[in-house]
Amino acid sequence: MTDETVSNAPATDSAPATPHKRRVRYSGRNPRRFEDKYKEHKRDTATIAKVLASGKTPAGTHRPIMVAEILQVLAPQPGEIAADCTLGYGGHAQEILVKISPDGKLLGLDHDPIELPKTEARLRALGFDASVFTAHRSNFAGLPQVLAANEISGADMILADLGVSSMQIDDPARGFSVKQDGPLDMRMNPQRGQPVSAFLEKAKPDALARILMGNADEPKAVQLGAALAGKKFTTTHELADAIRAALPLVAKEDCHLHIRRVFQALRIAVNDEFSALETLLRILPAALKPGGRVAILTFHSGEDRRVKKAFIEGRQGGIYSEIADEVIRATPEERNFNPRSVSAKLRWAKRTA
Ligand SMILES: C[S@@+](CC[C@H](N)C(=O)[O-])C[C@H]1O[C@@H](n2cnc3c(N)ncnc32)[C@H](O)[C@@H]1O
């Protein structure tokens, strides 16, 4: 892995505070805690296959979305250069690597210091050595610098699969999870910026309402902004409870939609997601070779609006010769199989040759 420095301070061992503590037993059947699921999957690859066959995503993994559609629009060929701006679990990257071999190269970018080394190791174990695949801990806004450092003047194809990975969402310790309690953090790169807990404590009601509306189209933005701003919430469940309490007239079964939107808006805010996307859209043409292709998967309207606008303006300005006229959606089969694909929208563009 290259680029930003990762701090690897060793964990300190401490003496047991109590003489004997009963070990928490893991039943082995239908584990509920992420740590147990994750342990099980690390031990037992047959379990992973079973979970996948049941239509679920095994803990600690990510199922790539719209792989066939992305391969069709990127049309990777042997010997070509690819940049995967959102490496994640490496699902898309792995498929692209197969197509650009032999002699091709894929640069995988991700700003998550926790998952990136695991993905790098996984792809290495699959046989992709440093001559064909390199992992870069970088925000994708830094793509030009990563290309320049690798003496690449332009990529044949660029992929961005926006948002968070299943590994990040499913790990309660990362603080994205509404389902399982965890520290209220939500940073993809925990070494940068501030966690949601600190962000909310400093927020002002009006500014928070604007964020809830602008980042997630939350209809109760004003009410929730007033209820949540300036307050101290330590865990994801504390925040979810406060959202429920702030909406006494909303039916219980509808509350989860508000909770999801508030979580989405706050995640976008603390990770500065829209400004990174806007930078990527601005630098894309220069990062592509003439005739190069770009594919972007978005998961909500705030992202899709920005991508659509940039591609339309690029075509009008002659930067892109072709763009997706219609958004591409996952097939009904994929939506059934992978619920996370339901909200995905794929757009593509081709740089003028
Ligand atoms: C949806 S996942 C990508 C999954 C991947 N396509 C796969 O097949 O496994 C999104 C990934 O992009 C990363 N990410 C999101 N925004 C980023 C940014 N601005 N710069 C770099 N990485 C980013 C996240 O950390 C996460 O790992």
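Residues numbered from 1 in each chain as written. Predicted model: local features only at pLDDT ≥ 70, side-chain atom pairs only at ≥ 80, totals over all residues.

## Details of the overall build of the chain
Condition: In this description a helix means any DSSP run of H or I spanning at least four residues, a strand means any run of E spanning at least two, and both kinds are numbered starting from the N terminus. Put plainly, a residue is buried at 20 or more neighbouring C-beta atoms within 10 Å of its own, exposed at 12 or fewer, and partly exposed in between, counting only other residues' C-beta atoms, which are placed from the backbone. Working definition of a contact: two residues with C-beta atoms, positioned from the backbone, lying within 7 Å.
Helices and strands together make up the secondary structure of the chain, namely 15 helices and eight strands. When burial is assessed residue by residue, the chain has 40% of its 353 residues classed as buried. Counting only contacts in the chain whose residues sit at least 6 apart along the sequence, the fraction spanning at least 24 positions is 69%.

## Let's talk about the site of the ligand
Rules: Whether a residue is near a molecule or strand depends on its C-beta atom, placed from the backbone, lying within 6 Å of it. Under the convention adopted here, Pro, Cys and the residues Ala, Val, Leu, Ile, Met, Phe, Trp and Tyr are nonpolar, Asp, Glu, Lys and Arg are charged, and Gly plus all remaining residues are polar.
Neighbouring the ligand are 21 residues; Pro64, Thr86, Gly88, Tyr89 and Gly91 lie closest to it. Elements supplying a minimum of two residues to the shell around the ligand: helix H4 (91–100) and strand S3 (105–110). Residue classes in the shell around the ligand are distributed as seven nonpolar, 10 polar and four charged.

## Let's talk about helix H9 (residues 205–216)
Note: α-helices contain 3.6 residues per turn, so residues at a spacing of three or four share the same orientation. What counts here: Each residue after the first adds 1.5 Å to the expected span of a helix. The arc refers to the directions leading from the helix axis to the C-beta atoms.
In this model H9 runs 16 Å from its N-terminal to its C-terminal C-alpha over 12 residues, within 8% of the 16 Å that 1.5 Å per residue would give. Listing the buried residues of H9 in full gives Leu208, Ala209, Ile211, Leu212, Asn215 and Ala216. Each buried residue of H9 lies within a common arc of 160° when the element is viewed along its axis, so the set occupies one face. Those residues of H9 that are buried lie in contact with helix H10 (221–228), helix H12 (252–270) and helix H14 (301–316). Positive backbone phi, at 50°, marks Asp217, one or two positions downstream of H9.

## Points about the confidence of the model for the chain
Quick reminder of the rule: One confidence number per residue, pLDDT, is output by the predictor and ranges from 0 to 100.
Here the chain averages 89 in pLDDT, while 84% of its residues score no lower than 70. Low pLDDT, under 50, characterises residues 4–19; the predicted model gives this stretch four contacts beyond four residues in sequence or across chains.

## Some words on the pairing of strand S6 (residues 288–298)
Side-chain positions along a regular strand alternate between the two faces of the sheet. Our working rule: Strand pairing is defined by DSSP finding a minimum of two bridges between the two strands.
Of all 11 residues making up S6, eight are buried, and the element is well covered by its neighbours. Two elements, S6 and strand S8 (residues 345–351), share six bridges in a ladder whose sense is antiparallel. The residue bridging Leu297 from the neighbouring strand is Leu346, located in S8.

## Notes on helix H13 (residues 273–287)
Note the cut-off: Fitting axes to the seven residues that end at a residue and to the seven that start at it, the angle between those axes gives the bend at that residue.
If you check H13, its first and last C-alpha atoms are 20 Å apart, about what 15 residues at 1.5 Å a residue would give, namely 21 Å. Helix geometry: H13 is bent most strongly at Leu281, by close to 30°, with proline Pro285 lying one to four residues after it. Among the residues of H13, Leu277, Leu280, Leu281, Leu284 and Ala287 are the ones counted as buried. Next to the buried residues of H13 lie strand S2 (81–84), helix H6 (143–149), strand S5 (155–161), S6 and H14.

## Brief notes about the packing of helix H11 (residues 236–246) against H12
As a reminder of what qualifies: Here an angle of 0 to 180 degrees is reported between the N-to-C directions of two axes, which are lines fitted to C-alpha atoms, with helices fitted over the stretch in contact. Orientation labels follow simple angle bins: below 35 degrees gives roughly parallel, above 145 gives roughly antiparallel, 65 to 115 gives roughly perpendicular, and whatever is left gives oblique. The crossing is said to be left-handed when, going from far helix to near helix, the turn is anticlockwise and less than a right angle, and right-handed when the turn is clockwise.
Put simply, H11 and H12 touch, their axes get as near as 10 Å, and they point 125° apart. Looking at the two axes, H11 sits oblique to H12. In the packing of H11 onto H12, the handedness of the crossing is right-handed. Packed against H11, whose contacting residues are Ala240, Ile243 and Arg244, the element H12 presents Cys255, His258, Ile259 and Val262 at the interface.

## Let's talk about the pairing of strand S4 (residues 133–137)
Counting buried residues in S4 gives five out of five residues, a clear majority hidden from the surface. Side chains Phe133, Ala135 and Arg137 of S4 all project onto a buried face; the interleaved residues Thr134 and His136 project onto the opposite face, where all are buried too. In this sheet, S4 lies alongside S3 in parallel orientation, the contact comprising five bridges. Bridged to Leu109 within S4 is His136.

## Overview of the environment of Ser138
Tracing the backbone through its elements, the reader meets Ser138 in the loop between S4 and H6. Note on Ser138: 22 C-beta atoms within 10 Å, which makes it buried. Once the C-alpha coordinates of Ser138 and Asp112 are considered, the two residues, 26 residues apart in sequence, prove to be 8.3 Å apart.

## Quick notes on the nonpolar core
Put simply, the test is: Note on terminology: a nonpolar core is a set of buried residues of type Ala, Val, Leu, Ile, Met, Phe, Trp, Tyr or Cys, with members joined through C-beta atoms within 7 Å.
If you look at the biggest cluster of nonpolar residues, it comprises 50 residues, and the most contacted ones within it are Ala83, Cys85, Leu143, Ala155 and Ile158. In this structure Ala155 touches Ile81, Ala82, Ala83, Leu147, Ala287, Leu288, Lys289 and Gly292, once residues within four positions along its chain are discounted. Leu208, Leu212, Leu239 and Ile243 belong to the second largest nonpolar core, which has 27 residues in total.

## Considerations on the packing of H9 against H10
Interaxial distance between H9 and H10 falls to 8 Å at its minimum, and their mutual angle equals 135°. Relative to H10, H9 is oriented oblique. Handedness of the crossing formed by H9 with H10: right-handed. On H10, the residues that touch Pro205, Asp206, Leu208, Ala209, Leu212 and Met213 of H9 are Ala221, Val222, Leu224, Gly225, Ala226 and Leu228. Residue composition of the contact of H9 with H10, grouped by class: 10 nonpolar, one polar and one charged.

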